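Breakdown of the fold
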There are 4 protein chains.
Amino acid sequence: MTLEVGVLGYRFMGKAHANALSRLSMFFPDAPDIERSVLVGRDEAALSDAADRLGFESIATDWETVVDDVDVFYNLGPNHVHAEPSIAALEAGTPVFCEKPLAPTLEDAERMADVADEAGVPNGTAFNYRFVPAIQHAKGLLEAGELGEIHHVRGRYLQDWLVDPEAPWSWRNDAKMAGSGALGDLGAHTVDLLRFLVGDDDLAGEMERVSGHLKTFVDERPVESETPAESRGNEDGEAVEHDEMRAVTVDDAYSAQVEFENGAMGTLEASRFATGHKNDHTIEIHGSKGSLRFSLERLNELEVLRADENRGYETVLVTDESDPYVDHWWPPGHVLGWEHTFVHENYEFLSAVAADDTFEPSFADGLAAQRVLAAIEASDERGEWVSIN
Amino acid sequence: MTLEVGVLGYRFMGKAHANALSRLSMFFPDAPDIERSVLVGRDEAALSDAADRLGFESIATDWETVVDDVDVFYNLGPNHVHAEPSIAALEAGTPVFCEKPLAPTLEDAERMADVADEAGVPNGTAFNYRFVPAIQHAKGLLEAGELGEIHHVRGRYLQDWLVDPEAPWSWRNDAKMAGSGALGDLGAHTVDLLRFLVGDDDLAGEMERVSGHLKTFVDERPVESETPAESRGNEDGEAVEHDEMRAVTVDDAYSAQVEFENGAMGTLEASRFATGHKNDHTIEIHGSKGSLRFSLERLNELEVLRADENRGYETVLVTDESDPYVDHWWPPGHVLGWEHTFVHENYEFLSAVAADDTFEPSFADGLAAQRVLAAIEASDERGEWVSIN
Amino acid sequence: MTLEVGVLGYRFMGKAHANALSRLSMFFPDAPDIERSVLVGRDEAALSDAADRLGFESIATDWETVVDDVDVFYNLGPNHVHAEPSIAALEAGTPVFCEKPLAPTLEDAERMADVADEAGVPNGTAFNYRFVPAIQHAKGLLEAGELGEIHHVRGRYLQDWLVDPEAPWSWRNDAKMAGSGALGDLGAHTVDLLRFLVGDDDLAGEMERVSGHLKTFVDERPVESETPAESRGNEDGEAVEHDEMRAVTVDDAYSAQVEFENGAMGTLEASRFATGHKNDHTIEIHGSKGSLRFSLERLNELEVLRADENRGYETVLVTDESDPYVDHWWPPGHVLGWEHTFVHENYEFLSAVAADDTFEPSFADGLAAQRVLAAIEASDERGEWVSIN
Amino acid sequence: MTLEVGVLGYRFMGKAHANALSRLSMFFPDAPDIERSVLVGRDEAALSDAADRLGFESIATDWETVVDDVDVFYNLGPNHVHAEPSIAALEAGTPVFCEKPLAPTLEDAERMADVADEAGVPNGTAFNYRFVPAIQHAKGLLEAGELGEIHHVRGRYLQDWLVDPEAPWSWRNDAKMAGSGALGDLGAHTVDLLRFLVGDDDLAGEMERVSGHLKTFVDERPVESETPAESRGNEDGEAVEHDEMRAVTVDDAYSAQVEFENGAMGTLEASRFATGHKNDHTIEIHGSKGSLRFSLERLNELEVLRADENRGYETVLVTDESDPYVDHWWPPGHVLGWEHTFVHENYEFLSAVAADDTFEPSFADGLAAQRVLAAIEASDERGEWVSIN
């Protein structure tokens, strides 16, 4: 059987997933056979060009007809188009893979997770960083108790593409379309990664309450007329109307303090104003028996300190045959890149679809992350700590 | 003229300052001549032994008589003996140099700063990390506007000497004697360093409001009968009575979010539970034109990114002849250690005393830091943001 | 027009190039259209399986018929089968791309380069590390004179897969099949990379004389009966007969001192006994105006020091849109992996083939590297410096 | 009993040792009591000033009378005055501590070692880097067999103070006074450190043969009239006559390949032309069971990889109470500097003097290093490998 995949969105994320889909047969021969069946968008010319380059059989400008026809639906559009097509697909019994954050609002996310639950078909939120081999290795160490009881957690996602006040406005700067700014775009990754790593009951557990701080450093930005609204980031953009300046209605940066169920403390942070940092997602964890550090810009490495054996951090190059996913690729020391996380993620999701199995991170996980983001926003507004549930 | 220096406290800080005093003549020949005149403490035998080793002329068990006799009084005792002797000295017109944090309570700190103000004699709070050459170099870059407008500030002071629940109780775990735990001991350094670096009006300005989080992971600890209560840390200990377990009444770790006058965001953190970290005080700053990173465990280095000239951080070894204080020591690349910060600090303070000049960080600076710490504590108690003033 | 590509070899290098070929259409749309036409090997069953996985149309066990039929011939077999098929292809007017080192002996390499010269068709030696964006960025800085006059050059390629005396024998340990050991397998990369970076007349120029040192730490190794002879490394293996121990007749490690035409000094080194190092190829260059450092295990980074602007090395993440090849891939900070060097290399080589243009590194470059390796070996035997020409 | 110490030389090394002597009583209370008795030099005014600053009781311009009078003689003059005063002191039965390299020529070094041997009094060559805590820690690991059989050794000492052709001439550029350039000044340290670390019979053993390469990049340099000839470096300078340009008759840089008795390979290198490197002495060792890395500019750290326990290098901060010498200083994480190596070295040497014990590194060790340096020079001249003995 060949799974026909329909994909909404053909920019940054469209390319990342199309590439991942195209590489399964060579590197993951036990993955289900798939066909890049139909690419969905609004601008027919651009769409046609993209379908050609990304290897899709056909195009469609109307997602309504697609979500029912295909075996799997990928929703890679901007945040404000996450809800309706995903819900329609699920209601049609089509498994859905949706980019993060799950939705621009908590309400949408709740609706989506509810429908996913009812639909009973595989569903996934595309938190690709769970599928970095070094992160999986970290997860293994944590699950094995190698770090002991968790005391401290730190997550930081730093970019700098908005530090120039003249950097153009995009849908990512708009509350209606994006929901939030650095918080949703970057913070969603951090929250999910921490939930993945330490969320187990016998580690830190879930995040229980937060204190948040959001900031918009630049209030309005010029709209560029020639280029697509999307400048760079994590998902596909949509065309915007042209005028001179447009208001920035989301955060440029956020920070948060977190308390976990089991008493661990956390600090979270993300910014699009961290001069010199391009895609620097850093996770640090201190437990009673050891510590971990990870940075996305050196994603082949994990720094590990186990108090029993180490006096300092050990820089582990997570490229051995025995490391997660690595045996599918190259010999030790032949490093992987950012895009490989998508291959791993697609492999796992499509395998779940083929087996009619559940997949994690699911819509429920997407919602759980969203609850934390919403609590951070609420806390910022109210100036006080806010409970997650 | 030779300045007679009286020093209260002969443990960790006593040794650090005695060493600094002893090195001025060889390396800072323009420093005032000084005499390590009298060492003050309670246990006569230990005191006598220390005076001998640390090169003091005499000893005294009664600070009241000393503070008037000497030309300069150093208060290096535990936090709860900071106020009275310092105030007495100031009232006697004797310049005072006091270890940090200035006092265990905000009230004491206010009293001390008031008296210092009235006394009109040189007074200093011993925030020695201002005197790291790399920090002074950072200050120079910031003042010259090389980082532009400040957006983000991060300060983190990580140690791990309490992560073992069997680590012995000391005065540092006691609210009465220490005031607070990691917050006062470590956080005081972070707050002062950030005030020093970005506190100028044309940078971030003062900290305006904070949201704090304090945590005590281990509620009680065994008291060791043989060893002095002070196990390790930043100041001198005092003997404690012996019993089996004693309550820990201060924080093991704290975190805070900060908003600065000019809109910059900050996150602060300190812990005695950060497994594998010994004395890791890290400062990170992002401005519109550049970024900086500093870590105390590599104190000869400053990481600098100036967007005009750099694409990544440049690791500057701050050991050139033209770097602050370095011409007093060794050729380029011949690195300095932690103790040198005390030599620089003592040089500056004693020069101020000799010239009857003001010194920074003063008691007023000690108080300013204390206000931030107190606000963090209050915020933690109230679960909401607290304004500094 | 579609170029039909025939490939000899289907193990490690076969997979690396097949992957590269398969990705051109999506990421390098201006690359010539190609077809993975025929895969050549000896073991029909394994070959058929590989062709299926690697996306080849057909298989052949006889390279003689293939080299004439296809539009381009890739020779990715073990070193001792580099010469004959490559020569046959060139003589048939078929462009050839051959894995490194060009040949097991200098004589073979000379023959190959001669034939390539006469044939007048595009030919390339697969020194893929020239195509790392950070290396191309380094090349740009050097060519622009940013490092000034070159004084020092260092190249080091460290692996550890033979440090265990029980690690199995493979064709890579055999002088007849491999020519040499670490010298040819790893040293060839180092020599080529240095020629590429500083070989220009106005930089260091060519290597003029060398002093070499070769060492075999373990004289014989067990032959494994089940696994293919090829254990790991850079090229495809061939089956070997099974017996218990077999002699290691190549070097496990080499070092060399080099003098360049323009007076620069160099030290080269490679080892398969560098415990803990997996694929650590490091290049360091010091010029009168600056210095560079590169390490393959962090291939997205280049450390740059320009004395005019820097006091220390700047860690440049070479992932900006303006960096070589990067605009074909992902936004800044989204790192590439080892395999991308093959995509870039294949793109350049096939573009040269389509345009009937010359390609560098050519067979002549492969020969130039080989001359250096041969001189190092001769120097080791004679105990004295040896001139390259 | 108090040891009266006479010191010849009052510039860089004079200051480093005077500082060390002054700190023993506070930090090494079990060290013998010493008196900085007499400072020896030629320029009476400068000498008197130095004696004052460095804390010496008296001065002398004639070493002949001093070497007999004092209890210990320190020879810290430039290389060409190492032999005669040291020999005279030894012949007078006075223990001698001499700066490195032991002498400008192998002949002088042999005479000095012979006399030392006959004299039977404690004698030492001032290879201070043996006394870095991290190096002592490394030695402990090596002696305990933690690295297994040694295969590779790398030593590199990089400075850049001569890269500017206008950098002034000093005695360090003169063959008569210095013996050699980077080779003797920097290479001596590297050779001694490697002998110390891996020279034991059950590790690599002694260096057996070498292949050397010396280079002078700039043939003549301007003589500065105002400043003392010594610009910077490791020892004291002497005044030179003034003229415009003077010939550089020593090497600016050297490299060497080494073969050890037990078969290990080594590469050595030093330069005064390594742009951006100030005092970067790096040691790397690979054994069958592990690897080590050390860099002088981060002298508190040792990078350790033990294959049994580690997958990557562990960055050990060698500042724990249990680390060599550290209990004399500060708590964990409170880093030491370059100058501390002199305190440790002086402590050990003076303790040996007080106990009439032998000290290592002795004159014999100084001679052993010199033999290697001489063989490197001879090899460079003859263009072939040279045996050490």
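The shown structure was predicted, so the numbers you read here are calculated from the model rather than taken from an experiment.

**Considering the UniProt feature "domain: Gfo/Idh/MocA-like oxidoreductase N-terminal" (unreviewed entry) in chain A**
The UniProt feature table records "domain: Gfo/Idh/MocA-like oxidoreductase N-terminal" (unreviewed entry) at residues 4-121 of chain A. Within the segment residues 4-121 of chain A, helix and strand shares are 48% and 19% respectively, and the terminal C-alpha atoms sit 16 Å apart.

**Some details on the interface of chain D and chain A**
Tallying the contact residues gives 15 residues for chain D and 15 residues for chain A. Summed over both partners, the interface of chain D with chain A buries about 960 Å², with 30% contributed by carbon and sulfur atoms. A per-residue breakdown of the area chain D buries against chain A is headed by D:E309, D:R311 and D:E314, which together make up 58% of the total. Linking A:D323 and D:R311 is a salt bridge whose minimum nitrogen-to-oxygen distance equals 2.6 Å. The tally of links between chain D and chain A comes to twelve residue pairs in polar contact (both at pLDDT 80 or more). No other element matches the four residues that strand β16 (residues 314-317) of chain D contributes to the side of chain D that touches chain A.

**Quick notes on the interface of chain B and chain A**
Of the residues lining the interface, 44 residues belong to chain B; the matching set on chain A comes to 44 residues. Each partner contributes to the roughly 3400 Å² buried at the junction of chain B and chain A, and carbon and sulfur atoms together form 52% of this total. Of the charged contacts in the structure, one is a salt bridge between A:E284 and B:R156, with a shortest N-O distance of 3.7 Å. Applying the counting rule to chain B against chain A returns 25 residue pairs in polar contact (both at pLDDT 80 or more). Breaking the side of chain B that touches chain A down by element, the ones donating at least two residues are β7 (150-158), β8 (207-215), β11 (253-260), β12 (265-271), β13 (280-287) and β14 (290-295) of chain B. Sorting elements by how many residues they give to the side of chain B that touches chain A places β11(B) first, with seven residues. Tallied by class, the residues present in the side of chain B that touches chain A amount to 14 nonpolar, 19 polar and eleven charged.

**A few points about the packing of aromatic side chains**
Applying the stated criterion across every chain, the model contains 68 aromatic pairs over all chains. Grouping aromatic residues by their ring pairs yields a cluster made of A:F12, A:W338, A:F342, C:F27, C:F28, C:Y325, C:W329, C:W330 and C:Y347. When the ring centre of A:W330 is taken as origin, the NZ or CZ atom of C:K15, which lies over that ring, is 5.3 Å away.

**Some thoughts on the sheet that holds strand β1 (residues 2-8) of chain B**
Either a parallel or an antiparallel arrangement is found when strands of a sheet pair, and the pairing is made through backbone hydrogen bonds. Residues and elements named next belong to chain B. If you walk across this open sheet you meet the six strands as β3-β2-β1-β4-β5-β6, and the pairing is parallel. Taken across any chain shown, the strands that pair with only one partner, and hence form the sheet edges, are β3 (58-60) and β6 (123-125). Adjacent strand axes in the sheet meet at a mean angle of 20 degrees, parallel and antiparallel pairs treated alike. Strand direction decides the pairing type here: strand β5 (residues 96-98) and β6, joined by three bridges, are parallel.

**Examining the sheet that holds strand β4 (residues 72-75) of chain A**
Residue and element names in this part refer to chain A. Pairing within the open sheet is parallel, and its six strands lie in the order β3-β2-β1-β4-β5-β6. Of all the strands in the sheet, the pair left with one neighbour each is β3 (58-60) and β6 (123-125). Between one strand axis and the next, the sheet turns by 20 degrees as a mean value, whatever way the strands run. The pairing of strand β2 (residues 33-40) with β3 spans three bridges and is parallel. Bridged to V40 within β3 is A60. Sitting on the sheet, helix α4 (residues 83-91) is in contact with β1 (2-8), β4, β5 (96-98) and β6, with an inclination near 170 degrees to β4. Across the sheet, helix α10 (residues 363-382) lies against β5 and β6, angled at about 35 degrees from β6, the strand it touches most.

**Overview of the relation of the copies chain B and chain A**
Structural alignment of chain B on chain A gives an RMSD of 0.0 Å, achieved by rotating through 180 degrees and translating 0.0 Å along the axis. As the rotation angle and translation indicate, the two copies are arranged about a two-fold axis. Taking C-alpha positions as reference, the residue of chain B nearest the rotation axis is B:E384, located at 2.0 Å.

**Points about helix α8 (residues 182-198) of chain B**
When the terminal C-alpha atoms of α8(B) are compared, their 23 Å separation across 17 residues agrees well with the 24 Å that a helix rising 1.5 Å per residue should span. The principal kink in α8(B), of about 35 degrees, is found at B:A188.

**Section: the pattern of salt bridges**
All names here are of chain B. Counted under the stated rule, the structure contains 111 salt bridges over all chains. For E146, the salt bridge goes to R306, with nearest N and O atoms at 4.0 Å. With a gap of 160 residues between them, E146 in the loop between α6 (133-143) and β7 and R306 in strand β15 (residues 301-306) connect regions that are remote in the sequence. Of the residues examined, E146 reaches a relative accessible area of 29% and is grouped as partly exposed.

**Focus on the domain arrangement of chain A**
Residue and element names in this part refer to chain A. Each assigned domain of chain A is listed here: domain 1 (2-128) and domain 2 (132-334 + 367-382). Between the C-alpha centres of domain 1 and domain 2 the distance comes to 23 Å. Opposite the 30 residues of domain 1 that make contact, domain 2 presents 29 residues. It is R11, F27 and F127 in domain 1 that bury the most area against domain 2; as a group they hold 24% of the surface buried on that side. Scanning the region where domain 1 abuts domain 2 turns up two salt bridges. Between R371 and E110 there is a salt bridge, with its nearest N and O atoms 2.9 Å apart.

**What to know about the pairing of β1(B)**
All names here are of chain B. Most of β1 is tucked away, with five of its seven residues classed as buried. Direction of pairing for β1 relative to strand β2 (residues 33-40): parallel, over a ladder of seven bridges. Counterpart to L3 in the pairing with β2 is I34. Read as a crossover between parallel neighbours, the route from β1 over helix α1 (residues 12-27) to β2 is right-handed.

**Examining the relation of the copies chain D and chain A**
Aligned on chain A, chain D shows an RMSD of 0.0 Å; the corresponding rotation is 180 degrees and the shift along the axis is 0.0 Å. Here 100% of the contact residues of chain D are again contact residues in chain A; the copies associate through an equivalent surface.

**Describing the packing of helix α1 (residues 12-27) of chain A against helix α9 (residues 340-354) of chain A**
Residue and element names in this part refer to chain A. Two elements in contact, α1 and α9, have axes separated by 8 Å at closest approach and are oriented at 65 degrees. Relative to α9, α1 is oriented roughly perpendicular. For the element pair α1 and α9, the recorded crossing hand is right-handed. Touching M13, A16, H17, A20, L21, R23 and L24 of α1 are H340, F342, V343, E345, N346, Y347 and L350, all from α9. A class-by-class count of the residues in the contact of α1 with α9 yields nine nonpolar, three polar and two charged.

**A few points about the side chain of C:K139**
Residue and element names in this part refer to chain C. Note on placement: K139 falls in helix α6 (residues 133-143). With relative accessibility at 11%, the residue K139 sits in the buried group. Apart from the residues lying within four places of it in its own chain, the contact partners of K139 are F196, L197 and D200.

**Some points on the pairing of strand β8 (residues 207-215) of chain D**
Residues and elements named next belong to chain D. Of all nine residues making up β8, seven are buried, and the element is well covered by its neighbours. Where β8 lies against strand β11 (residues 253-260), eight bridges are found, and the strand directions are antiparallel. Looking across to β11, one finds that S211 is bridged to Q257. Both β8 and strand β17 (residues 386-387) contribute to a ladder of two bridges, which runs antiparallel. What sits directly across from V210, in β17, is V386.

**Describing unusual backbone geometry**
Among all residues save glycine, negative phi is the norm, and among peptide bonds the norm is trans. Here the bond from B:E360 into B:P361 is cis, since omega is 5 degrees, no more than 30 degrees from zero. Among the structural elements, B:P361 can be located in the loop between α9 (340-354) and α10 (363-382). Phi at A:D356 takes a positive value of approximately 50 degrees, unusual for a residue other than glycine.

What counts and how
Residues numbered from 1 in each chain as written. Chains lettered and ligands numbered in written order. Predicted model: local features only at pLDDT ≥ 70, side-chain atom pairs only at ≥ 80, totals over all residues. Heavy atoms only, no water. UniProt positions renumbered as here; feature names shortened; annotations may be inferred. Helix = DSSP H or I, 4+ residues; strand = E, 2+ residues; numbered from the N terminus. Contact = heavy atoms within 4.5 Å. Buried area = accessible area lost by both parts, 1.4 Å probe. Salt bridge = Lys/Arg side-chain N within 4 Å of Asp/Glu carboxyl O. Polar contact = N/O pair within 3.5 Å; in protein donor to acceptor, adjacent residues only side chain to side chain. Nonpolar A, V, L, I, M, F, W, Y, C, P; charged D, E, K, R; others polar. Phe/Tyr/Trp six-rings, centres within 6.5 Å; stacked < 30°, edge-to-face > 60°. Lys NZ or Arg CZ within 6 Å of the ring centre and 35° of its normal. Pairing = 2+ DSSP bridges. Axes fitted to C-alpha atoms, helices over the stretch in contact; angles between N-to-C directions. Least-squares fit on C-alpha atoms with pLDDT ≥ 70 in both. Expected span 1.5 Å × (residues − 1). Bend = angle between axes of the 7 residues up to and from the residue. Buried < 20%, exposed > 50% of the residue type's maximum accessible area, 1.4 Å probe, protein only. Domains from an automatic or database assignment. Right-handed = clockwise from strand over helix to strand, strands pointing away. Parallel < 35°, antiparallel > 145°, perpendicular 65-115°, else oblique. Left-handed = near helix turned anticlockwise from the far one by under 90°.

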